[in-house]
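Here are the chains, one letter per residue:
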Amino acid sequence: LGEVWQVIARDNGAIFVTATSVLVWDGENFQVHKLPGGRRLQATLADGKVFVSDTATGLWSLEKNSLHNFLSTEILKNAGVLWMERDSSGWLLATTDGLRRYDDGKITEYSHEATDFIRKNVLTCACRSPHGELCLGTLYGGLAIVGASGAIERVITTDDGLLSRSIYSLFVSEDGSIWATSAVGIARITLSAGVTLLDSKQGLTGKPCLSITQSGSRILVATEEGVFGLPIGGSRTGRFQAITTLNILYLDLEGGPD
C-alpha cells in the first residue's frame, strides 16, 4: 500500500489514497489506479462520488472500474481541490487558489474575500456547518466562516480560544458541533456558543492530532501516538483514553456503516 493519507469507507470495502495511487478494496480484492503527479493526492466525497485531486493532472472522478478526468489542470489553473459540493446550477469548489464556481463548463471566482483569505493562509480542509455556513480551515489563519453570499462572517483564531492557528482537519459531529484538529490538541466549536479546548489535561496525550471522526457515542482522534477515544453524550464530562489496540501512527479516520 505504501503510506496511506486518506481512507473513505464505501459499501463493504474502502478507498485508500496514497501519494500517487488510489486503491479500491471491495472486501476481497484491490483495484489500483495510479496517477503520475508524484505529489500527495487529495480525495473528497461529493454527490455520492469520490473525486481525487492531483495538481499535476487535474480533478478525477472514481467510476466503477477507472478514474475519469473531471476537470483539467488548465481549467483549475493547477489548483488542488480540497472540498466540493454540487447544487442546482453546478459545483462549488474549495481549492488551494480560492473558492470557485464551475457552471456550464466554466470556472469563475465565487468570493473574492474568501479567495484572498485562502491565498494568504493556505487552505487545509473545509466542511459545511449544520446551519449551512462553509467552514474553511487553514494552516496560518485559523477557521473562516463563509455565509451564503460568499462573505466571511467570522474568523476564529487563537484570539477566540483555538489552541493553534493551524487546523489539520474538520469534522461535524452528530450534535452539530465542529471539531478542529491541530498539532497541539482539539477545539470543539459551537458557532452560537464558543470554543472548548481539549488537550492533555483531558487525557489527549497523543500529538499531533491528525484526523477525527465519531463512532457511536465516542469521538475518535488519530495521532502519531495512536488513536484516542472520548465518550460523549453522557451526563458527566468524559476524558480521552488511549485505545490500546490502535497504538501506532494513523493518518486518517473515516466512519463506516458499522
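Above this text you will find the structure in question.
No experiment lies behind these values; they were computed from the predicted model shown. (Residues numbered from 1 in each chain as written. Predicted model: local features only at pLDDT ≥ 70, side-chain atom pairs only at ≥ 80, totals over all residues. Heavy atoms only, no water.)

Enquirer: Please explain the environment of Ser 164 as it appears in this structure.
Expert: Secondary-structure assignment places Ser 164 in the loop between strand S16 (152-156) and strand S17 (169-172). For Ser 164, a relative accessible area of 18% corresponds to the buried category. Spatially, the C-alpha atoms of Ser 164 and Val 81 are 24 Å apart, while their sequence positions differ by 83 residues. In terms of polar contacts, Ser 164 uses its side chain to reach the backbone amide nitrogen of Ser 166, at 3.0 Å. (Helix = DSSP H or I, 4+ residues; strand = E, 2+ residues; numbered from the N terminus. Buried < 20%, exposed > 50% of the residue type's maximum accessible area, 1.4 Å probe, protein only. Polar contact = N/O pair within 3.5 Å; in protein donor to acceptor, adjacent residues only side chain to side chain.)

Enquirer: It is not clear to me how the side chain of Ser 177 should be interpreted in this structure. Could you clarify?
Expert: Here Ser 177 lies in the loop between S17 and strand S18 (178-181). Note on Ser 177: relative accessible area 3%, which makes it buried. Contacts of Ser 177, omitting those with residues within four sequence positions, involve Phe 171, Val 172, Arg 188, Ile 189 and Thr 190. (Contact = heavy atoms within 4.5 Å.)

Enquirer: Just checking my understanding: could you explain the layout of surface pockets for this structure?
Expert: Sizing a probe to match a water molecule and rolling it over the atoms shows the empty space that remains. Here the largest pocket is characterised by a volume of approximately 1400 Å³. What lines the largest pocket is a set of 47 residues, among which Gln 6, Gln 42, Ala 43, Leu 82 and Cys 125 lie closest to the centre. For the lining of the largest pocket, the secondary structure elements donating two or more residues are strand S1 (6-10), strand S5 (42-46), strand S6 (49-54), strand S9 (81-86), strand S13 (123-128), S17 and strand S21 (209-215). A breakdown of the residues in the lining of the largest pocket according to their chemical character gives 26 nonpolar, 12 polar and 9 charged. (1 Å grid on protein atoms, 1.4 Å probe; cavity = no way out; pocket = protein on both sides within 12 Å on 5 of 7 lines; lining within 4 Å. Points joined across faces, edges and corners; volume = space filled by probe spheres on them. Nonpolar A, V, L, I, M, F, W, Y, C, P; charged D, E, K, R; others polar.)

Enquirer: Honestly, unusual backbone geometry in this entry has me stumped. Any pointers?
Expert: With glycine set apart, most residues show a phi of negative sign, and most peptide bonds adopt trans. Look at the link from Lys 207 to Pro 208: it is a cis peptide, with omega at -15°. Mapped onto the secondary structure, Pro 208 falls in the loop between strand S20 (194-198) and S21. Located in the positive-phi region is Asp 47, a residue other than glycine, with phi close to 55°. Relative to the helices and strands, Asp 47 is located in the loop between S5 and S6.

Enquirer: Looking at this structure, I do not really get the sheet that holds strand S11 (residues 98-103). What am I missing?
Expert: By definition, the strands of a sheet pair up through backbone hydrogen bonds, in either a parallel or an antiparallel sense. Read across the sheet, 4 strands follow the order S9-S10-S11-S12 without closing on themselves; strand pairing throughout is antiparallel. Both outer strands of the open sheet, S9 and strand S12 (106-109), are each paired with one neighbouring strand and no more. For this sheet the average axis-to-axis angle between neighbouring strands, irrespective of direction, equals 25°. Alignment of S11 against S12, held across 4 bridges, turns out to be antiparallel. Considered in S12, the bridge of Arg 100 is made with Glu 109. Across the sheet, helix H2 (residues 112-121) touches strand S10 (91-95), S11 and S12, and the angle it forms with S11 is around 130°. (Pairing = 2+ DSSP bridges. Axes fitted to C-alpha atoms, helices over the stretch in contact; angles between N-to-C directions.)

Enquirer: What's the story with H2 in this structure? I'm lost.
Expert: Each full turn of the α-helix corresponds to 3.6 residues, which orients residues three or four apart in the same direction. Regarding H2, the residues found buried are Ala 114, Thr 115, Phe 117, Ile 118 and Asn 121. Projected onto a plane normal to the axis of H2, the buried residues spread over an arc of 160° and lie on a single side. Across H2 from its buried face, at more than 90 degrees, point the exposed residues His 112 and Lys 120. Of the residues flanking the end of H2, it is Val 122, one or two places downstream, whose phi is positive at about 70°. (Arc of directions from axis to C-beta.)

Enquirer: Help me understand the pairing of S17 in this model?
Expert: Residues in a regular strand project their side chains so that they alternate between the two faces of the sheet. With 4 bridges joining them, S17 and S18 adopt antiparallel strand pairing. Paired with Ser 169 across the bridge in S18 is Thr 181. What sits between S17 and S18 in their antiparallel hairpin is a turn of 5 residues, with Gly 176 showing a positive phi close to 90°.

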